[in-house]
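# Inside the fold
Residue-level listing of the chains:
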Amino acid sequence: MAFFNANNRKALLAPIFLLGFFISGLKLAGAQSVGVCNGKNGNDLPSDGEVIDLYKSNGIGRMRIYEPYSSTLDALKGSNIELIIGILNKDLQGLTNAAAATTWVQNNIRNWPDVKFKYIAVGNEVHPGDAEAQYVLPAIQNIHNAIVAASLQDQIKVSTSIDTTLLGSSYPPSAGSFSDSANSYITAIVNFLVSNGAPLLVNVYPYFSYTDDPSQISLPYALFTSPGVVVNDGNLGYQNLFDALVDAHYSALEKVGAPNLKIVVSESGWPSEGGDAASVDNAGTYYKNLINHVKGGTPKRQGQAIEAYLFAMFDENLKGPEEIEKHFGLFLPNKQNKYQITSFG
């Protein structure tokens, strides 16, 4: 999860509309493209078995985890839940060694044949200036080679998860481009993804864009509740900020020679407390509308369902340092639904 900064988050400006909106209960019904991130930064969370049961009982068919917890993988066996499994940023340097990458794949992928792995996220929100940046692509390459050696390359794709700070321009969406500082870093990664049929994972948070500049970005535009088009961009019209952010990344990919690379939204959420515009009503509205919206695609990718992962399954009381980071859960740690969710499936 990345916080917005003003120099590239003022984009996608919208007039402010006053629009009342009430939660009518959330559904993940029929939205196979929707998954939920399963973080573990809490000391009061349910057991892994209880978590998997909650996914299954609510019809949630996809999960993201941030590191290879053996207890989670054990609970996932035979569940048929599709999985993004992460590699922590602190572990990237070690995986620039090919033998270490082979061992990682053996221990965390091949040893779990009854788990339905879909993507390996090699690093999360690594920025070009970070010490770990130099290790991302070599680690991706080595993990991919180990997946190929296991003959799993058609089943499991290897990528990394970025945040929207890598954009230098994002307004209008057609002008989306990576910043000068990020361009060489991300282009090398993108070229590898294209050559191996893997998507780019992007964490997309309209919440932070709105709170960064609420005088110019409207709350309805961020919550999918604007009554009409807010941003006209050539022959495309944008009624919500989520689409505008995703399509800005598609435009950026076009500019680095990857017009057909798929984007998977690997995180998106809204907090229920702890910050500006953070409320149960707003969060419930966001999740409900996002779930319904991703079925239809963005203006640049109309009719192509967006594979998206809601952040997150539970409130996590050990996240921080910002208070809002503790309040993104769809469920409380006692497994109670926060948003009048009557059915996920």
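Procedures and definitions
- Residues numbered from 1 in each chain as written.
- Predicted model: local features only at pLDDT ≥ 70, side-chain atom pairs only at ≥ 80, totals over all residues.
- Heavy atoms only, no water.
- Helix = DSSP H or I, 4+ residues; strand = E, 2+ residues; numbered from the N terminus.
- Contact = heavy atoms within 4.5 Å.
- Areas by Shrake-Rupley, 256 points an atom, 1.4 Å probe, with all protein chains shown as cover.
- Buried < 20%, exposed > 50% of the residue type's maximum accessible area, 1.4 Å probe, protein only.
- Arc of directions from axis to C-beta.
- Salt bridge = Lys/Arg side-chain N within 4 Å of Asp/Glu carboxyl O.

### So, the overall build of the protein chain
Along the protein chain, the regular secondary structure elements total ten helices and twelve strands. If you take every contact in the protein chain between residues at least 6 apart in sequence, the share linking residues at least 24 apart comes to 72%. Accessible surface for the protein chain amounts to roughly 13,200 Å². Of this, 46% is attributable to carbon and sulfur atoms.

### Details of unusual backbone geometry
The step from Tyr171 to Pro172 runs through a cis peptide bond, and the omega angle for that step is -10°. The residue Pro172 is located in the loop between strand E6 (167–169) and strand E7 (177–178) in this model. For Glu125, which is not glycine, the phi dihedral falls at a positive 55°. For Glu125, the location among the structural elements is in the loop between strand E4 (116–124) and helix H5 (133–149). For Glu125, a relative accessible area of 9% translates into the label buried.

### As for the environment of Gly78
For Gly78, the location among the structural elements is in the loop between helix H3 (70–76) and strand E3 (82–87). Separated by 35 residues in the primary sequence, Gly78 and Pro113 have C-alpha atoms spaced 9.1 Å apart.

### Comments concerning helix H2 (residues 48–57)
Along an α-helix, a turn takes 3.6 residues, which lines up residues three or four apart on a common side. All of the buried residues along H2 are Asp48, Val51, Ile52, Leu54 and Tyr55. In a view along the axis of H2, the buried residues occupy a sector of 155°, so they form one face of it. Tucked inside the fold, the buried residues of H2 contact strand E1 (34–37), strand E2 (62–65) and H3. Positive phi shows up at Gly59, right after H2, with a value of about 70°.

### Points about the pattern of salt bridges
Using the criterion set out here, one finds twelve salt bridges in the structure. For Arg64, the salt bridge identified is with Glu267, shortest N-O distance 3.4 Å. Note that Arg64 is positioned in strand E2 and Glu267 in strand E11 (residues 263–268), a separation of 203 residues in sequence. A salt bridge links Lys300 to Glu254; the shortest N-O distance between them is 3.0 Å.

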